[in-house]
Amino acid sequence: MTAHPAGRDIVVGIDPDRNWHLALAWAADEAQRRRLPLRLVLAVPPRHHTRHVDDTTDRTALRQAGSDRLEHAFNWVHDRHPEASVTGDLVDGSPAHVLGGAAREARLIVLGSRHLSRAAEFFSAGSLVVPVTAQARCPVVVVGDAEHISQQPPFIVAGIDGSASATAALTFAFDEADLRGAALRVVCVWQRLSIMLDDEKTALRAQRTLLSEATAGLSEKYPDVHVTHEVLAGHPVEELARAAEHALAVVVGRRGRGGYTGMRIGSVVHGLLHRAHCPVITVPTG
């Protein structure tokens with residue numbers, strides 16, 4: 001494997017300890033669809049992250065194991081796509097820092113999910129899904145489960161709420177659906193309150209208007225994408241996860257209207273990362 005100059009490639013994180021095949025398969029197939037180079041990155045954690053902090057031999061062994069795993073992943077991609085342009089990097093540093101840095105010049109970054117609890121995702125030394133998703137300048141794809149490719153016709157779900165990041169996510173979702181020849185379900189979720197029936201009707205009309213206005217120009221740009229609009233009532237995380245149960249992916253903006261103060265990802269994104277049973281694609285604004 002050779003060094004690869006900074007460019008608009010697809011970056012995938014190779015986990016040194018756990019199965020990386022689902023995330024790598026998604027990334028390799030996406031690179032093939034978009035005709036982009038694929039960059040494999042494996043981070044070797046600092047010595048204080050290892051059990052034997054003073055054992056140089058263990059550190060050398062750790063790097064060798066990482067190199068072997070990276071080589072295995074490299075060959076696996078070429079078996080899947082012989083013509084693929086693939087490079088690999090073994091980098092010293094914490095996984096979140098290394099992959100966050102790689103995302104600065106990437107078109108997409110693809111991560112596997114360890115299915116950690118919400119608390120573990122924040123505090124585990126091996127956690128990288130939330131920090132990378134929060135910091136990346138490009139869309140981040142988290143692959144925790146396989147795509148539902150048996151669903152016919154295939155479809156992608158996009159969740160919108162009128163925010164700027166949701167608009168960016170919708171644009172990405174249209175592009176992804178067009179690349180895959182998939183349908184697109186554009187979903188808006190609202191939570192019922194104790195309001196009068198007339199007010200509820202007004203709220204529903206407003207949601208439908210939001211959907212129509214959000215998709216109008218993009219439908220013209222992507223005429224081959226079959227689009228449906230859905231207004232669902234309930235908790236946004238639960239409803240979006242349910243709508244995407246058999247989807248190829250669910251696409252959402254990084255910051256919606258319900259984000260926690262001080263967080264760079266919205267509460268819906270955070271919930272979907274732990275709840276959805278398909279790849280979750282998070283898109284930053286602009």
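On a predicted model such as this, the values are computed, not experimentally measured, just so you know. (Residues numbered from 1 in each chain as written. Predicted model: local features only at pLDDT ≥ 70, side-chain atom pairs only at ≥ 80, totals over all residues. Heavy atoms only, no water.)

1. Quick word on the environment of Val12
And then number 1: Along the chain, Val12 turns up in strand β1 (residues 10-13).
And then number 2: Judged by its relative accessible area of 0%, Val12 falls in the buried class.
And then number 3: In this structure the C-alpha to C-alpha distance between Val12 and Leu24, which are twelve residues apart in sequence, comes to 6.5 Å.
And then number 4: Residue contacts for Val12: discarding those within four places in its chain leaves Ala23, Leu24, Ala27, Leu38, Arg39, Leu40, Val41 and Val110. (Helix = DSSP H or I, 4+ residues; strand = E, 2+ residues; numbered from the N terminus. Buried < 20%, exposed > 50% of the residue type's maximum accessible area, 1.4 Å probe, protein only. Contact = heavy atoms within 4.5 Å.)

2. Some words on the sheet that holds strand β9 (residues 250-253)
And then number 1: Taken together, the ten strands give an open sheet; going across it, the order is β3-β2-β1-β4-β5-β10-β9-β6-β7-β8, and neighbouring strands pair in mixed fashion. Because the sheet does not close on itself, it has two edges, and the strands there are β3 (86-92) and β8 (227-233). With direction set aside, neighbouring strand axes in the sheet form an average angle of 20°.
And then number 2: As judged from the seven bridges shared by strand β7 (residues 183-190) and β8, these two strands associate in the parallel manner. By the bridge assignment, Cys188 is partnered in β8 with Val231.
And then number 3: Taken strand by strand, helix α1 (residues 21-34) contacts β1, β2 (38-44), β4 (108-112), β5 (140-143) and β10 (280-283), and its axis lies near 160° from that of β4.
And then number 4: The sheet strands contacting helix α6 (residues 164-180) are β4, β6 (155-159), β7, β8, β9 and β10, and the helix crosses β9 at an angle near 155°. (Pairing = 2+ DSSP bridges. Axes fitted to C-alpha atoms, helices over the stretch in contact; angles between N-to-C directions.)

3. Things to note about the packing of aromatic side chains
And then number 1: Evaluated as defined, the whole model comprises two aromatic pairs.
And then number 2: Arranged with centres 5.9 Å apart and planes meeting at 80°, the rings of Trp20 and Trp76 form a pair that is edge-to-face. Pair noted here: Trp20 is in the loop between β1 and α1 and Trp76 is in helix α2 (residues 56-80), with a separation of 56 residues, a long-range link.
And then number 3: Ring centres of Phe174 and Tyr222 lie 5.8 Å apart, and the angle between their planes is 25°; this geometry places the pair in the stacked category. Of this pair, Phe174 sits in helix α6 while Tyr222 sits in the loop between α7 (197-221) and β8; the two residues are 48 residues apart in sequence, bridging distant segments of the chain. Per residue, the accessibility class of Phe174 equals that of Tyr222, and both read buried. (Phe/Tyr/Trp six-rings, centres within 6.5 Å; stacked < 30°, edge-to-face > 60°.)

Fair warning: the whole summary comes from geometry, so function is off the table for now.
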